[in-house]
Amino acid sequence: MDYQHIIDNISKEILSTSSRGEVASYIPELSNVSPDKFGIHLTTLSGNDFSYGDNLDRFSIQSISKVLTLTLAFKLKGTSMWTRLGVEPSGNPFNSLVQLEYENGIPRNPLINSGALVISDILITELENPKKDFLEFVRSISGNSSISYNQKIAESENKHGHRNAALVNLMKSFENINNNVDEVLDFYYHQCSLEMNCKELAHIFLLYANRGISPYTGKELISASKAKRINAIMQTCGFYDQSGDFTFKVGLPGKSGVGGGIGAVNPGVYSIAVWSPPLNKKGNSVRGINFLEQLTTDTQSSIF
Ligand code: GLU
C-alpha cells in the first residue's frame, strides 16, 4: 500500500478547501494556536512511518488523554471499576450535566468528561503520586521522556472549568467521587494539558492496534482482552455525540480532543494521528474527520 502517496494527495485536497470550523476558545490558552496547522502521522505494525505537514509540532492532546487514563485505571483496577461508570455512548455533548443527574451520578462512559473525572478519582486513589506516576506511564508507553504537561494550559482550564467543577460536585453528591474535588480537577486538567506531536501520538496508539503489546519493546502493556475493550469504547464513544457519524464515515476506533487532534487505530495494521485545530459544533476536528474519511475510503481500511 502506497500510504505516503495517498496521504499526500488527500492532504493537498483537504488543505485546498476551507476548514469551516472554529479553534476552541473556551480554554483561552488553546485559542493561541494557528488554525492553519495540519499534521498527519501514520505508523504501521510492520514498522513503517508516513507523515505530512506539521506532524512534529506538539499540541494539546486534551480529551485524547482520556484513553490513556482509562488504560492505566483499567490495568490497575480491572473490571471492578465498571460499577462506577458505564460503557454506553452518551449521545450528549462532552461536558453535559443533564444525563448525569437522572442517572444518579454514574457517567455513561470513560470518554466523556464526567467519566474521565471518575477515572481521575480512581487514579488518585490508586497512585502514590498521581500526576507524576501517570506522566511516567505515558512516557513509558511512548519511550519518550520529554512528553510533558503544559502548566499554562492546565491553569487556563482550571480558571475557566466551571462545568467540570459542576460535574465533579454533582457526582460527589451521589457519592461517586471519593477524593477531594479540587484534587480531582487538578489531576484532570493536567492530563488534558499533555502535549505531543502526531508522530508521538501515533506511536503511543500503536499499542491498541497490537492487542496491548508495545510494538517497540514486545512488552504487554495491557492484556489483549483489555485492549479489545478499549478499542470498543473508542469506537462507540470516542467522538461524543458524533460517535455514530464518525463510525459511519471513517469506521475506525478513535478519540478526539478539543486541541484538534484525533488518534485512531486499524487493529492489526496501523495507528494514525491527525491534527487540525478548527472544530465543528460537536468539538471534533473538521479537517481531521474529513481526512480520515477519505483515508479509509482510498485505502479500504475501515474495520467494517
Ligand atoms: N479539557 C477539555 C474539557 O474538559 C477536554 C474536552 C475535549 O478535549 O473534548 O473541557
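Look up: the structure comes first, before these words.
Remember, predicted model here, so these are calculated numbers, not experimental data. Once a new chain begins, its residue numbering starts again from 1 and follows that chain's sequence as written. Thresholds applied to this predicted model are a pLDDT of at least 70 for local features of residues and 80 or more for the giving and counting of side-chain atom pairs; totals over whole chains, interfaces and linings are not thresholded and use all residues. The side-chain quantities take in all heavy atoms of the structure and omit both hydrogens and water.

A closer look at the site of the ligand
Right, so step 1: Any residue with at least one heavy atom within 4 Å of a molecule or strand is counted as near it. As a structural note, the neighbourhood of the ligand is formed by Tyr26, Gln62, Ser63, Phe94, Asn113, Glu157, Asn164, Tyr188, Cys192, Tyr240, Gly257 and Val258.
Right, so step 2: Between N or O atoms, a polar contact is any pair within 3.5 Å; within protein, one atom must be a potential hydrogen donor and the other a potential acceptor, and residues adjacent in sequence are included only when both atoms are from side chains. In this structure, tyrosine 26 approaches the ligand through a side-chain N or O atom, which is 2.5 Å from an oxygen atom.
Right, so step 3: At 2.9 Å from an oxygen atom of the ligand is found a side-chain nitrogen or oxygen belonging to asparagine 113.
Right, so step 4: Out of a free accessible area of 300 Å², the ligand has 99% covered by protein chains. Accessible surface is estimated by sampling points in the Shrake-Rupley manner with a 1.4 Å probe; for residues, cover comes only from the protein chains shown.

Brief notes about the sheet that holds strand β7 (residues 270–275)
Right, so step 1: A pair of strands is labelled paired if DSSP reports no fewer than 2 bridges between them. Counting from the N terminus, the helices are the DSSP runs of H or I reaching at least four residues and the strands are the DSSP runs of E reaching at least two. Strand order in the open sheet formed by five strands is β2-β1-β7-β6-β5, and the pairing between neighbours is antiparallel. Two strands in the sheet have a free side with no partner beyond their single neighbour: β2 (49–53) and β5 (254–256). Each strand of the sheet is rotated relative to its neighbour by a mean of 5 degrees, with strand direction disregarded.
Right, so step 2: Taken together, the five bridges between strand β1 (residues 39–44) and β2 define a ladder with antiparallel strand orientation. The residue bridging threonine 43 from the neighbouring strand is aspartate 49, located in β2. The angle between two axes is taken between their N-to-C directions and runs from 0 to 180 degrees, where each axis is a line fitted to C-alpha atoms and a helix contributes only its stretch in contact.

Observations concerning the side chain of asparagine 113
Right, so step 1: Turning to its location among the elements, asparagine 113 is positioned in helix α4 (residues 113–126).
Right, so step 2: Apart from residues lying up to four places away in sequence, asparagine 113 is in contact with Ser63, Lys66, Phe94, Asn95, Asn164, Leu167 and Tyr188. Note on definitions: a residue-residue contact is assigned when non-hydrogen atoms from the two residues lie within 4.5 Å.

Section: the packing of aromatic side chains
Right, so step 1: Each Phe, Tyr or Trp ring, with Trp reduced to its six-membered ring, pairs with another whose centre is within 6.5 Å; inter-plane angles below 30 degrees give stacked pairs, above 60 give edge-to-face pairs, and intermediate values give tilted ones. In total, this model carries twelve aromatic pairs according to the counting rule given.
Right, so step 2: Seen in terms of ring centroids, tyrosine 26 and phenylalanine 94 are 6.0 Å apart; in terms of plane orientation they differ by 45 degrees. Their pairing is tilted. Taken as a pair, tyrosine 26 in the loop between α1 (3–15) and β1 and phenylalanine 94 in the loop between α2 (65–77) and α3 (98–102) lie far apart in primary sequence, 68 residues in all.
Right, so step 3: In this structure tyrosine 26 comes out as partly exposed when scored by relative accessible area, which is 39%.
Right, so step 4: In this structure an aromatic cluster arises from ring pairing among Tyr3, Phe50 and Tyr270.
Right, so step 5: Sitting over the face of the ring of phenylalanine 74, lysine 226 holds its NZ or CZ atom 5.4 Å from the ring centroid. In this scheme, a residue with accessible area under 20% of its type's maximum is buried, one over 50% is exposed, and one in between is partly exposed, where area comes from a 1.4 Å probe on protein chains only. Remark: a charge is flagged as sitting over a ring if the NZ atom of Lys or the CZ atom of Arg is within 6 Å of the ring centre and within 35 degrees of the ring normal.

A short note on the pattern of salt bridges
Right, so step 1: Any Lys or Arg side-chain nitrogen located within 4 Å of an Asp or Glu carboxyl oxygen qualifies as a salt bridge. Taken as a whole and judged by the stated rule, the model has nine salt bridges.
Right, so step 2: One salt bridge connects arginine 58 with glutamate 200, and the closest N-O pair in it is separated by 2.7 Å. Of the two residues, arginine 58 sits in the loop between β2 and β3 (59–60) while glutamate 200 sits in helix α9 (residues 198–209), which places them 142 residues apart along the sequence.
Right, so step 3: Classification of arginine 58 as partly exposed rests on a relative accessible area of 33%.
Right, so step 4: Accessibility expressed as a relative area gives 12% for glutamate 200, which makes it buried.
Right, so step 5: The shortest N-O distance in the salt bridge between glutamate 103 and arginine 108 comes to 2.7 Å.
Right, so step 6: Judged by relative accessible area, which is 23%, glutamate 103 ranks as partly exposed.

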